[in-house]
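Coordinates in review
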Amino acid sequence: MHGELQELGRAVKQAQYRQHRALDSALSAVGTTLAQWDALRAISRSPGASARELAAATFQTEQAFGALVGRLTAQGVVERRPGHGRRIEHHLTPAGERLLAVGHKVADEVLAVCFSALPDADRAVLRALLQRLTTEPAA
C-alpha cells in the first residue's frame, strides 16, 4: 500500500514541478518570476496585508517574503505603507497592477497547455479532489 501512496505523492509533486517550471519560464519572458507574480497576486487579493499574512498566503517564511517584497519594492511594483502600530501594509503600485495583469494572461496560457491532456470534466474532478485534500483536516 505504501508504494501506491508514494507513487501518488510523487505524481502530484511531478505535475506541480512541471507546471512551476513552465510558469517560471514564461513569466521570465515578461520580466517577472513565479515567486514574484505569486506575491503580486497575494497582495492584490489582500491589499494592506502584513508580511506575515502574505508569507503564509504564498507558502514562504517571513524572511523569504521580506527579501522578495524588498526586490518588488525596488522594482516599483509594490509599495509598503505604515499601518496600525508597527504593522507595515503592502499595496500594488500601478506598475504592479500592470505586471500582475500580464502575469495572469501568461499563466492562463501556460496552464491551458499544462492541463490540456485532461478534458474539462476531468479537470473539474481533479480540482475538487485537490480542494478536498487541502480543506479537510489531516488525520
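Whatever comes next refers back to the structure up there.
Residues numbered from 1 in each chain as written. Predicted model: local features only at pLDDT ≥ 70, side-chain atom pairs only at ≥ 80, totals over all residues. Heavy atoms only, no water.

1. Details of the environment of G48
When you line up the elements, G48 lands in the loop between α2 (34–45) and α3 (51–57). Here G48 falls in the buried class, since its relative accessible area comes to 7%. Distance from G48 to E89, taken between C-alpha atoms, is 4.3 Å for residues 41 residues apart in sequence. If near-sequence neighbours (up to four positions away) are discounted, G48 is found in contact with R87, E89, H90 and H91. (Helix = DSSP H or I, 4+ residues; strand = E, 2+ residues; numbered from the N terminus. Buried < 20%, exposed > 50% of the residue type's maximum accessible area, 1.4 Å probe, protein only. Contact = heavy atoms within 4.5 Å.)

2. Focus: the pattern of salt bridges
Tallied over the entire structure, the rule returns six salt bridges. Where D38 meets R41, a salt bridge forms, and the shortest distance between an N and an O atom there is 2.6 Å. Here D38 and its partner R41 are both found in helix α2, three residues apart, which amounts to about one turn of the helix. Using a relative accessible area of 26% as the deciding quantity, one classes R41 as partly exposed. The closest approach of N and O atoms between E62 and R52, which form a salt bridge, is 3.0 Å. One end of the pair, E62, is in helix α4 (residues 62–74); the other, R52, is in helix α3, and 10 residues separate them in sequence. (Salt bridge = Lys/Arg side-chain N within 4 Å of Asp/Glu carboxyl O.)

3. Section: the side chain of T32
Counting through the fold element by element, T32 comes out in the loop between α1 (2–28) and α2. Ignoring any residue separated from it by four or fewer positions in sequence, one finds T32 in contact with L27, W37 and L99.

4. A closer look at a nonpolar patch on the surface
There is a patch of nonpolar side chains on the surface, built from L5, L8 and V12 and spanning about 280 Å² of accessible area. With respect to the helices, strands and loops of the structure, V12 is situated in helix α1. Of the residues examined, V12 reaches a relative accessible area of 45% and is grouped as partly exposed. (Patch = residues over 30% accessible without salt bridge, like charges linked within 9 Å, V, L, I, M, F, W, Y side chains within 5 Å. Areas by Shrake-Rupley, 256 points an atom, 1.4 Å probe, with all protein chains shown as cover.)

5. Topic: the side chain of H91
Inspection of the secondary structure puts H91 in strand β2 (residues 88–92). A distance of 3.4 Å separates polar atoms of two side chains, one belonging to H91 and the other to R81. Excluding residues within four positions of it along the chain, H91 makes contact with I43, P47, G48, V77, V78, E79 and R81. (Polar contact = N/O pair within 3.5 Å; in protein donor to acceptor, adjacent residues only side chain to side chain.)

6. A look at the packing of α1 against helix α5 (residues 94–114)
Between α1 and α5, the least distance of the axes is 10 Å, while the angle of their chain directions is 145°. The two elements α1 and α5 meet at a crossing, and its hand is right-handed. Counted together, Q19, A22, L23, A26 and L27 of α1 and G103, V106, A107, V110, L111 and C114 of α5 form the full contact between these two elements. Of the residues belonging to the contact of α1 with α5, the class tally is nine nonpolar, two polar and no charged. (Axes fitted to C-alpha atoms, helices over the stretch in contact; angles between N-to-C directions. Left-handed = near helix turned anticlockwise from the far one by under 90°. Nonpolar A, V, L, I, M, F, W, Y, C, P; charged D, E, K, R; others polar.)

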